[in-house]
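The chain contents come next:
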Amino acid sequence: MRASSEWVAGEEGVAHRRERLRVIPSPDEKNSLAHWWRDVHPLRVIWNFLLIYAAKYAPSLALKRVLLRGTGMHVGREVSMGLAATIDGFFPHLIEIGDNSIVGFNSVVLAHEYMVAERRIGPVRIGRNVSIGANVTILPGVVIGDGATVSAL
């Protein structure tokens, strides 16, 4: 039997994630990423990029939290971001990480997916006291409960 803090996504979990997403069809034959500027102002993306990449390699965990909060991201107290962890540059304000959580080395947290025929945008909620392992990718619409552990296989 699995420990109570573990969770495996089944069809029910996938259905709930989709309910949290805003799905926008591409308006023409171009892939949806060609229309990114319709979702967020280019200057906002540049600002977010600068802060996120400074945070990605900053040696201080406190400085990382300050930089990420500057993008509009909701970062709890004592959150620890591992080296090279990357946050969504388009929609960081849709990401929330609860107090005392860890996001491991080289992990990625995205609040968007640009597909060929559509784009999907949705919030990401990571609870308190969560451990995200190295090289994990978290997609939009995902909710990770308090005390959970997520690891790459």
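In short, a report on the structure.

About the thresholds
- Residues numbered from 1 in each chain as written.
- Predicted model: local features only at pLDDT ≥ 70, side-chain atom pairs only at ≥ 80, totals over all residues.
- Heavy atoms only, no water.
- Pairing = 2+ DSSP bridges.
- Helix = DSSP H or I, 4+ residues; strand = E, 2+ residues; numbered from the N terminus.
- Expected span 1.5 Å × (residues − 1).
- Buried < 20%, exposed > 50% of the residue type's maximum accessible area, 1.4 Å probe, protein only.
- Arc of directions from axis to C-beta.
- Contact = heavy atoms within 4.5 Å.
- Polar contact = N/O pair within 3.5 Å; in protein donor to acceptor, adjacent residues only side chain to side chain.

1. Some details on the sheet that holds strand β5 (residues 95-97)
- In spatial order, the strands read β2-β5-β10-β13; together these four strands make up an open sheet with parallel pairing. Every interior strand has two partners, whereas the edge strands, β2 (74-75) and β13 (143-144), have only one.
- Where β5 lies against strand β10 (residues 124-126), three bridges are found, and the strand directions are parallel. The partner of E96 across the bridge, within β10, is R125.

2. Comments concerning the sheet that holds strand β11 (residues 131-132)
- The parallel open sheet is built from four strands, whose spatial order is β3-β6-β11-β14. Edge strands, defined here as strands with exactly one partner in the open sheet, are β3 (80-81) and β14 (149-150).
- With two bridges connecting them, strand β6 (residues 102-103) and β11 associate as parallel partners. What sits directly across from I102, in β11, is S131.

3. What about helix α2 (residues 42-57)?
- Its 16 residues give α2 an end-to-end C-alpha distance of 23 Å, which sits within 8% of 22 Å, the value for a rise of 1.5 Å per residue.
- Those residues of α2 lying buried are V45, N48, L51, I52, A55 and K56. Here the buried residues of α2 occupy an arc of 140° about the axis, which is enough to place them on one side. Turned more than 90 degrees from where α2 packs its buried face, L43 and L50 sit exposed.
- The inward-facing, buried residues of α2 abut α3 (61-69) and β4 (86-87).

4. Quick look at the side chain of R120
- When you line up the elements, R120 lands in strand β9 (residues 118-121).
- On the accessibility criterion, R120 (17% relative accessible area) is buried.
- In terms of polar contacts, R120 uses its side chain to reach the side chain of E118, at 2.8 Å.
- When neighbours within four sequence positions are excluded, R120 is seen to be in contact with L21, R22, V23, A111, H112, E113, M115 and P140.

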